[in-house]
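Okay, here's what each chain looks like letter by letter:
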Amino acid sequence: MQAKIAKVKQIIDQSNNIVFFGGAGMSTESGIPDFRSADGIYKQKYNYPPEQILSINFFKRHPDVFYDFLKEKVLTPILAAQPNQGHIKLAQMEKAGKLKAVITQNIDGLHQRAGSENVLQLHGSIKNNYCLKCGKNFSLDYFAKKEGTVYCDRCDGLIHPGAVLFGEPLDSMIMRKTKEYISLAEVLIVAGTSMIVQPAAALVNYYKGDKLILLNLTQVSNRRINYFLKGKAGELLSQLYTDT
Ligand code: CNA
């Protein structure tokens, strides 16, 4: 493993065209549960599977159950979290001119809080809440402080949280930029994702190089991976980038 880490570190040291693509596993070291790990949200007990609750159809039909779940299981851990060493290393790599973009499936905003500037959030952000009826925007503060289901103070419409829900399309501009960054990258670091949720997972197929590095607690079935380092993304990134 040490030899493999040394090899990947050398690849990272030598490149100034690195792109990062991450998932929920990037934030578990900050205390936010992912969806599919042993202690992730999918293994906890609910009346409905989380994938169903976090869908646009379910949200419109059962907003109260949706909101209970969202606030308890998604927002509360996110609001209590701080960026971890992995987020910080990526921000340092960007400042050093090595990392071109952070592409994330996460909605928690921890990359930005760690100092990353060019962040593409495929699944939205907890910050951009808006009314389904009149489109008025609501801050995270307004949204998080309200008890129960949150309605618009202007028209009483239901407020849609900033995250893209299952069954909703991804932002086409973000998708376009993501494809561009990935296809032009020399090194692609993929971390903390089961690579199951589509269409995000398929985006790594735009990578054309031979330096696709996976940092994950578990192996992921994707034949494009050139180097797999098993472990915690934050800990691994700290070993892989030491020039601060
Ligand atoms: P996932 O399907 O839950 O997979 C997470 C992957 O990360 C698994 O393969 C784990 O083995 C692995 N993993 C867990 N912890 C670590 C770690 N410390 N280091 C390395 N690997 C680790 O999550 P995906 O991101 O693939 O699924 C996409 C969903 C999850 C997106 O829609 C996200 O919006 C959604 N999500 C986001 C957050 C967040 O914003 N922090 C939290 C939970 C879910």
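**Notes on the packing of helix α1 (residues 2-14) against helix α9 (residues 233-240)**
Then, in step 1: Their axes nearest at 9 Å, the elements α1 and α9 cross at an angle of 65°. Here α1 lies roughly perpendicular to α9, going by the angle between them. Here α1 contributes Q2, I5, V8, K9, I12 and D13 to the contact with α9, which in turn contributes L236, Q239 and L240.
Then, in step 2: Here the residues of the contact of α1 with α9 sort into five nonpolar, two polar and two charged.

**Topic: helix α8 (residues 172-184)**
Residues separated by three or four positions in an α-helix point in the same direction, a consequence of the helix having 3.6 residues per turn.
Then, in step 1: Over its 13 residues, α8 runs 18 Å from end to end, which matches the ideal 18 Å to within 8%, given 1.5 Å per residue.
Then, in step 2: Three or more residues of α8 are buried, namely M175, T178, I182 and S183. Buried residues of α8 fall within an arc of 120° about the axis and therefore sit on the same side.
Then, in step 3: Buried positions along α8 lie against β1 (18-22), β2 (99-104), β3 (119-121) and β7 (187-191).
Then, in step 4: Put simply, D171 is the residue that caps the front of α8, since its side-chain oxygen is 2.9 Å from the backbone nitrogen of M173.

**A short note on the packing of helix α5 (residues 85-95) against α9**
Then, in step 1: Two elements in contact, α5 and α9, have axes separated by 7 Å at closest approach and are oriented at 40°. Handedness of the α5/α9 crossing: left-handed. Residue-level inspection shows Q85, G86, K89 and L90 of α5 in contact with α9, the latter providing G234, E235, L237 and S238.
Then, in step 2: Tallied by class, residues from the contact of α5 with α9 come to two nonpolar, four polar and two charged.

**Overview of the site of the ligand**
Then, in step 1: Neighbouring residues of the ligand: 29 residues in total, closest F35, R36, Q105, T193 and S194.
Then, in step 2: At 2.8 Å, a side-chain N or O of H123 approaches an oxygen atom of the ligand.
Then, in step 3: A distance of 3.2 Å is found between a nitrogen atom of the ligand and a backbone nitrogen or oxygen belonging to L217.
Then, in step 4: Computed on the free molecule, the ligand has an accessible area of 860 Å², of which 95% lies beneath the protein chains in the complex.
Then, in step 5: Of the residues assigned to the shell around the ligand, the class counts are ten nonpolar, 14 polar and five charged.

Each value, and the rule that gives it
Residues numbered from 1 in each chain as written. Predicted model: local features only at pLDDT ≥ 70, side-chain atom pairs only at ≥ 80, totals over all residues. Heavy atoms only, no water. Axes fitted to C-alpha atoms, helices over the stretch in contact; angles between N-to-C directions. Helix = DSSP H or I, 4+ residues; strand = E, 2+ residues; numbered from the N terminus. Parallel < 35°, antiparallel > 145°, perpendicular 65-115°, else oblique. Contact = heavy atoms within 4.5 Å. Nonpolar A, V, L, I, M, F, W, Y, C, P; charged D, E, K, R; others polar. Expected span 1.5 Å × (residues − 1). Buried < 20%, exposed > 50% of the residue type's maximum accessible area, 1.4 Å probe, protein only. Arc of directions from axis to C-beta. Polar contact = N/O pair within 3.5 Å; in protein donor to acceptor, adjacent residues only side chain to side chain. Left-handed = near helix turned anticlockwise from the far one by under 90°. Near = heavy atom within 4 Å. Areas by Shrake-Rupley, 256 points an atom, 1.4 Å probe, with all protein chains shown as cover.

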